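Coordinate inspection notes
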Amino acid sequence: MTATTAPPAARDRWEHRVQTSAHPVAYRLLRAIAARGPVVRVPRVGVVVSDAALAREVLCDTAHFTKTGPGSPADLWTPVLGPSVLLNMEGADHAALRRRLSGLFTPGYVAALCARVLAQPLAELPRRLAAGAEVDLVHVAQTCAGAAICEIVGLPPEPGRFGGAHAEAAEVTRTVRLWRHGMTGRQVARAREVLGRLTASAVTAYRRGGEETLPGRLRGLGLTEEEARGAVGAFLLTGTETLVSFIPRLVALCHDADLLDRLADGTADLDTVVEEALRITVPSPVMLRSVARSAEIGGVPVAPGDRVVVATLLCAQAYGPFAPERPHPPELRRLWFGAGPHFCLGMPLAMAQIRAVLTAALAAGPIAVTGRRAARRVLIPGYARLTIKLRSES
Ligand code: HEM
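Right, let's walk through the structure included here. Everything numeric in this text was worked out from a predicted model, so none of it was measured. (Residues numbered from 1 in each chain as written. Predicted model: local features only at pLDDT ≥ 70, side-chain atom pairs only at ≥ 80, totals over all residues. Heavy atoms only, no water.)

A few words now on the sheet that holds strand E8 (residues 307-310). Reading across the sheet, the five strands line up as E1-E2-E8-E5-E3 and stay open at both edges, with mixed pairing between neighbours. A strand with exactly one partner marks an edge of an open sheet, and here the two such strands are strand E1 (39-42) and strand E3 (65-66). Of the pairings in the sheet, the one linking E3 to strand E5 (residues 287-291) comprises two bridges and is antiparallel in character. Directly across from Phe65, in E5, lies its bridge partner Val291. (Pairing = 2+ DSSP bridges. Helix = DSSP H or I, 4+ residues; strand = E, 2+ residues; numbered from the N terminus.)

Attention shifts here to the site of the ligand. Neighbouring residues of the ligand: 24 residues in total, closest His94, Arg98, Arg289, His342 and Cys344. Within the side chain of His342, an N or O atom sits 2.6 Å from an oxygen atom of the ligand. When each cavity is represented as a set of grid points, the ligand is found to reside in the largest cavity. At the level of secondary structure, the elements contributing two or more residues to the shell around the ligand comprise helix H5 (91-101), helix H11 (225-239), helix H12 (241-256), E5 and helix H16 (347-363). Among the elements that make up the shell around the ligand, the one with the highest residue count is H11 (three residues). (Near = heavy atom within 4 Å. Polar contact = N/O pair within 3.5 Å; in protein donor to acceptor, adjacent residues only side chain to side chain. 1 Å grid on protein atoms, 1.4 Å probe; cavity = no way out; pocket = protein on both sides within 12 Å on 5 of 7 lines; lining within 4 Å. Sits in = over half its atoms within 2 Å of the grid points.)

Here we take up the nonpolar core. Counting 122 residues, the largest nonpolar core has Ile297 and Ile388 as its most contacted members. Here the element with the most residues in this core is H16; it accounts for eleven residues. (Core = buried A, V, L, I, M, F, W, Y, C linked by side-chain atoms within 4.5 Å. Buried < 20%, exposed > 50% of the residue type's maximum accessible area, 1.4 Å probe, protein only.)

This part takes up the pattern of salt bridges. All told, the structure shown has 16 salt bridges when counted by the stated rule. Two residues, Glu124 and Arg127, come together in a salt bridge whose shortest N-O distance is 2.9 Å. Residue Glu124 and its partner Arg127 are both found in helix H6 (residues 107-130); the two are separated by three residues, about one turn of the helix. Note on Glu124: relative accessible area 31%, which makes it partly exposed. With a shortest N-O distance of 2.7 Å, Arg391 and Asp261 are connected by a salt bridge. A residue pair is termed long-range when its members are at least 10 positions apart, and Arg391 in the segment after strand E10 (383-390) and Asp261 in helix H13 (residues 260-264) qualify at 130 residues. One network of salt bridges, with partners in common, ties together Glu168, Arg190, Glu193 and Arg197. (Salt bridge = Lys/Arg side-chain N within 4 Å of Asp/Glu carboxyl O.)

This part takes up the side chain of Arg289. Mapped onto the elements, Arg289 comes out in strand E5. Among residues more than four places away in sequence, those in contact with Arg289 are Val58, Leu59, Phe65, Thr66, Lys67, Asp306, Arg307, Val308 and His342. (Contact = heavy atoms within 4.5 Å.)

Just one protein atom coordinates the iron atom of the ligand, and that atom is Cys344 (SG), at 2.3 Å. Its location among the elements puts Cys344 in the loop between helix H15 (312-317) and H16. (Donors = N, O, S within 2.8 Å, 3.2 Å for Na, K, Ca; no water.)

Here helix H4 (residues 73-81) has its buried residues at Pro73, Ala74, Leu76, Trp77, Val80 and Leu81. Buried residues of H4 fall within an arc of 160° about the axis and therefore sit on the same side. Buried residues belonging to H4 abut helix H8 (159-174), helix H9 (185-208), H11 and E5. Immediately beyond the C-terminal end of H4, within one or two residues, lies Gly82, with a positive phi of roughly 95°. (Arc of directions from axis to C-beta.)

Let us now look at empty space enclosed by the protein. What the rule picks out here adds up to three cavities of 30 Å³ or more. Of all the secondary structure elements, the ones that give two or more residues to the lining of the largest cavity are H4, helix H7 (137-152), H11, H12, E5 and H16. For the lining of the largest cavity, the element with the highest residue contribution is H11, accounting for five residues. (Points joined across faces, edges and corners; volume = space filled by probe spheres on them.)

Below, the structure written as structure tokens:
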């Protein structure tokens, strides 16, 4: 299926604004490229793939496409995080580390983590709504992310820490640009300094061991101290801004499609709506690979050293506007979490956090979006502010 440059449907208009505010040039350019075909070679950018079935083939074919060659995520993250942090590994080493981590985000652990970590920020939400306050969901999502970060790095979840923890993790992702192949020396130094500070407590918790902290659990799963520090860094990079971006956009989409009341009374299925909102928003909008061996993608020849830009956002948008009642075809299924050996490790945690925030927002009574502003020039598109309020039914 090929993406089009057609104007967005009315209920997706705000999503279009969110995308163009974040990437005024790159988003329009990507859409224009995708309109030329499912696989297009673009000078200085790479080979852009915007078809879901072909994207899945690339992501699953690690013999030809790798995350470690030129132009791949390794270029970006190895100088900051070191060589062994999942995101920049391939082959037997990657498989072995994934195997050891497979027992980390189990349903029981994820449920307990959400209950513990989100208890304070989410108790506030229905209380403030019920008191008639206008609540900024971006701020709520950032506070929840800060609370999750404290847990991930092994710090006690004290509310006074949440804002600062989120701001530091966000600073690292902010230095990355969509088209840039790497970071400057100064950016690497700054990112290392910030991540070093955030992960220092993870090392302390790792050395202490035990099941009470995430770094302690990583030690129990057999990770070395270096691997545990890398895994914690990877979680902070991949699992923070994606959720801060997605949660307000989910609520905005549901508001625009008149779904909030139906979610609250159970006539709309929450999991189906969340999955469809992920298809429309795709919080991780592109995935990068480097060509390891000559191959073809949809008939387009690629050679070692070529950079492949899997435009997940465009792959997903090709299936039309927000429509939760329409099932996703097999080639598209959860592509927003990747495919193949690098499929998102944190998906169970992400889904549990999303469900928890949405449920808390709906718990106070009928809500509506009362104001919003799209964030400008950010890596992961999102709202800078999205306020909700309890509707008066009179
Ligand atoms: C809505 C939220 C999220 C989205 C959309 C998302 C999306 C993705 C995608 C697309 C990939 C694959 C990248 C590639 O193949 O190049 C990925 C990998 C990964 N994600 Fe997530 N993610 C989310 C939340 C999280 C959370 C909460 C965590 C953990 C705390 C997490 C941890 C990871 C890790 C560790 C990887 C690397 C896996 C590997 O390379 O083996 N993610 N994610």
